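Results of the structural survey
Given next are the chains, with one letter for each unit.
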Amino acid sequence: MSAQRCIEDVRAGDELAPLMKNATRVQLFLFSAATNNPHRIHYDRDYAATEGHPDVLVHGPLQGAWLHQYVADWAGPLGRVLNLSWQNRGRAFPERELTFRGRVTAVTGNEVSLDVWEEDDGGAVLMPATARVRLPRRSERAPGD
Amino acid sequence: MALNTLIPDEAMAMVGQLLAEPVTGTITAKEAQRFALAAGDLNPLYFDEQAARAAGYRSTLVPPIFLAWALAPARPVGETRQDGLYRSGGRRVSLNVKRVMFGGEDWEFRTPVFGGDTITSETRLRSLEQKEGSAGPFVLQMTETTYRNQNGQTVATAIGRSIAR
C-alpha cells in the first residue's frame, strides 16, 4: 500500500491519478450475483436489444462502487469518504475501457472536496460526481471512529 | 405557477411517507467481500483484520455502497418480471408518465459499517417536483433511504434521484 495521503499534501487544483476499468461479461455476472440483481439487461444481450441497448450494460451500482473505490483508495486507510454524489448520464458497456478521473476543488480544515467522473473510451463523461473526504494531519497516527 | 399535470394528488400525498416496510438484515464479512471482489475492489480494510485495526477500526469494514443491496430478503424465481427484476413489494408512486429513468445517487457515509453489523433500512418518498425541460415536462422524484446499525446509529443515508417523463 502506498504511504498515507495527509491533508498537508493536498492543494485545490491537484489532479487524481486516473483509474482504468474494463468489465468482462463474467464480472458483470458476478456483480449481479453478489447483489442478487436478476435484471436481464446485464447478462441477456437479446433482451437488452429489446430495450434498445446494443449490448448488455454495466450496472449503475457497479460504476458507483468503482467511484467509491477510486475516492477511498485516494483517501488511503486513515482517510474517510464522507459523501459521494453521482449522476448517471450515459450507458457503459463491458469489454470497453472506462476511465475514472478527478480533481481537488477545495481544501477546508481536514476536509477535501473533489470532482470525480467516469469517461468512456470516446471521452464522453458517463458519470459526473462530487465527493468530500476527510484526511489525517501528518501529526496524526490513528484516525477517529 | 407550474401545474402538476404529471403528479396526481394521490402521489403527492405520499411525499414524506415510507415506500415499504423497514428491512433489517445482518451483513456478513463474507457477503461484503464477495461484493468488493465482484467490483474489483481489493481495499485491505474490507479483507484484512490487521489492516483494519491498524487504521483504528475494530474489525473489517463493509463497502458502504453494498448497503443498498445487502438487506433485500431472498425471493423466489417466480416473483420476477419479464425484465428479470423482482416485482416490487413496496408502494407504487403512480405518475402520469411513460417511463422512469434512474438519475443518480447522493450518499452520506456517517459512521463505518462492520462485517457482522445488523442494519435496518427505511425508504421514504422525499420529494416530487414537476419541471420544464427542453423535451417537455418531467418529474424529478427523490427517495431517501436511512441505514441504522444495531446501536441505533445512522451509518449512512442515500438519496436516489429519478427522472420520469
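Relevant structure appears above.
Everything quoted here is computed from the prediction, not taken from an experiment.

This brings us to the overall build of chain B. Of the regular secondary structure elements, chain B holds 5 helices and 5 strands. Expressed along its principal axes, the backbone C-alpha trace of chain B runs to roughly 60 × 40 × 30 Å. Per-residue burial over chain B gives 44% buried out of 165 residues. Long-range contacts, defined here as pairs at least 24 residues apart, represent 67% of the contacts in chain B between residues at least 6 apart. As displayed, chain B has an accessible area near 8,700 Å², and 52% of this comes from carbon and sulfur atoms. Put simply, chain B has 18 plus and 17 minus side-chain charges, and the middle of one group is 3 Å from the middle of the other.

Contacts between the two partners involve 36 residues from chain B, matched on the other side by 37 residues from chain A. Carbon and sulfur atoms make up 56% of the area that chain B and chain A hide from each other, which totals about 3,000 Å². Ranking the residues of chain B by area buried against chain A places Ala38(B), Trp69(B) and Phe109(B) at the top, with a combined share of 19%. Inspection of the chain B/chain A interface yields 14 residue pairs in polar contact (both at pLDDT 80 or more). Listing elements by their share of the side of chain B that touches chain A, those giving two or more residues are helix 2 (29–38), helix 3 (44–47) and strand 2 (100–109) of chain B. With 8 residues, strand 2 of chain B is the largest single contributor of residues to the side of chain B that touches chain A. In terms of residue class, the side of chain B that touches chain A is built from 19 nonpolar, 9 polar and 8 charged. In terms of strand pairing, strand 2 (residues 80–87) of chain A meets strand 2 of chain B through 5 bridges, oriented antiparallel. Paired with Gln87(A) across the strands is Gly104(B), a residue of strand 2 of chain B.

As enumerated under the stated definition, the model contains 2 cavities of 30 Å³ or more in all. Here the largest cavity defines a volume of roughly 250 Å³. If you trace the largest cavity, you find 22 residues lining it, with His68(A), Arg80(A), Val81(A), Leu61(B) and Pro64(B) closest to the centre. Mapped by element, the contributors of at least two residues to the lining of the largest cavity are helix 3 (60–75) and strand 2 of chain A together with helix 3 and strand 5 (154–164) of chain B. Sort the elements by how many residues they give to the lining of the largest cavity and helix 3 of chain A lands first, with 3 residues. Among the residues making up the lining of the largest cavity, the classes are represented as 16 nonpolar, 5 polar and 1 charged. Roughly 40 Å³ of volume is contained in the second largest cavity. Lining the second largest cavity, in full, are Ala65(A), His68(A), Phe35(B), Ala36(B), Ala39(B), Asp41(B), Pro63(B) and Ile65(B). Listing elements by their share of the lining of the second largest cavity, those giving two or more residues are helix 3 of chain A together with helix 2 of chain B.

To continue, consider the pattern of salt bridges. Within the structure shown, the criterion is met by 18 salt bridges over all chains. For the salt bridge of Arg40(A) with Asp44(A), the shortest nitrogen-to-oxygen distance reads 3.2 Å. Close ionic contact of Glu49(B) with Arg53(B) constitutes a salt bridge, the shortest N to O distance being 3.5 Å. Here Arg53(B) and Glu49(B) lie together in helix 4 (residues 49–54), a separation of 4 residues that amounts to about one turn. Three or more residues are tied together by salt bridges with common partners; here these are Arg25(A), Arg45(A), Asp55(A) and Glu95(A).

On to the nonpolar core, then. Grouped together as the largest cluster of nonpolar side chains are 54 residues, with contacts concentrated most on Trp74(A), Leu114(A), Leu67(B), Trp107(B) and Tyr147(B). Per-element accounting of this core gives the leading share, 9 residues, to helix 3 of chain A. Other than its neighbours up to four places away in sequence, Leu67(B) contacts Ile27(B), Trp107(B), Val113(B), Ile119(B), Tyr147(B), Val155(B) and Ala156(B). By size, the runner-up hydrophobic cluster in this structure holds 11 residues, among which are Ile7(B), Ala11(B), Val93(B) and Ala164(B).

Turning to the pairing of strand 3 (residues 118–133) of chain B, a few remarks are in order. Residues and elements named next belong to chain B. The sheet contact formed by strand 1 (residues 23–26) and strand 3 spans 4 bridges and is antiparallel. Bridging from a neighbouring strand, Thr26 pairs with Thr118 of strand 3. Hairpin connection of strand 3 to strand 4 (residues 136–148): 2 residues between the antiparallel strands.

Basis of the calculations
- Residues numbered from 1 in each chain as written.
- Chains lettered and ligands numbered in written order.
- Predicted model: local features only at pLDDT ≥ 70, side-chain atom pairs only at ≥ 80, totals over all residues.
- Heavy atoms only, no water.
- Helix = DSSP H or I, 4+ residues; strand = E, 2+ residues; numbered from the N terminus.
- Buried < 20%, exposed > 50% of the residue type's maximum accessible area, 1.4 Å probe, protein only.
- Contact = heavy atoms within 4.5 Å.
- Areas by Shrake-Rupley, 256 points an atom, 1.4 Å probe, with all protein chains shown as cover.
- Lys, Arg positive; Asp, Glu negative; His and termini not counted.
- Charge placed at Lys NZ, Arg CZ, Asp CG, Glu CD.
- Buried area = accessible area lost by both parts, 1.4 Å probe.
- Polar contact = N/O pair within 3.5 Å; in protein donor to acceptor, adjacent residues only side chain to side chain.
- Nonpolar A, V, L, I, M, F, W, Y, C, P; charged D, E, K, R; others polar.
- Pairing = 2+ DSSP bridges.
- 1 Å grid on protein atoms, 1.4 Å probe; cavity = no way out; pocket = protein on both sides within 12 Å on 5 of 7 lines; lining within 4 Å.
- Points joined across faces, edges and corners; volume = space filled by probe spheres on them.
- Salt bridge = Lys/Arg side-chain N within 4 Å of Asp/Glu carboxyl O.
- Core = buried A, V, L, I, M, F, W, Y, C linked by side-chain atoms within 4.5 Å.

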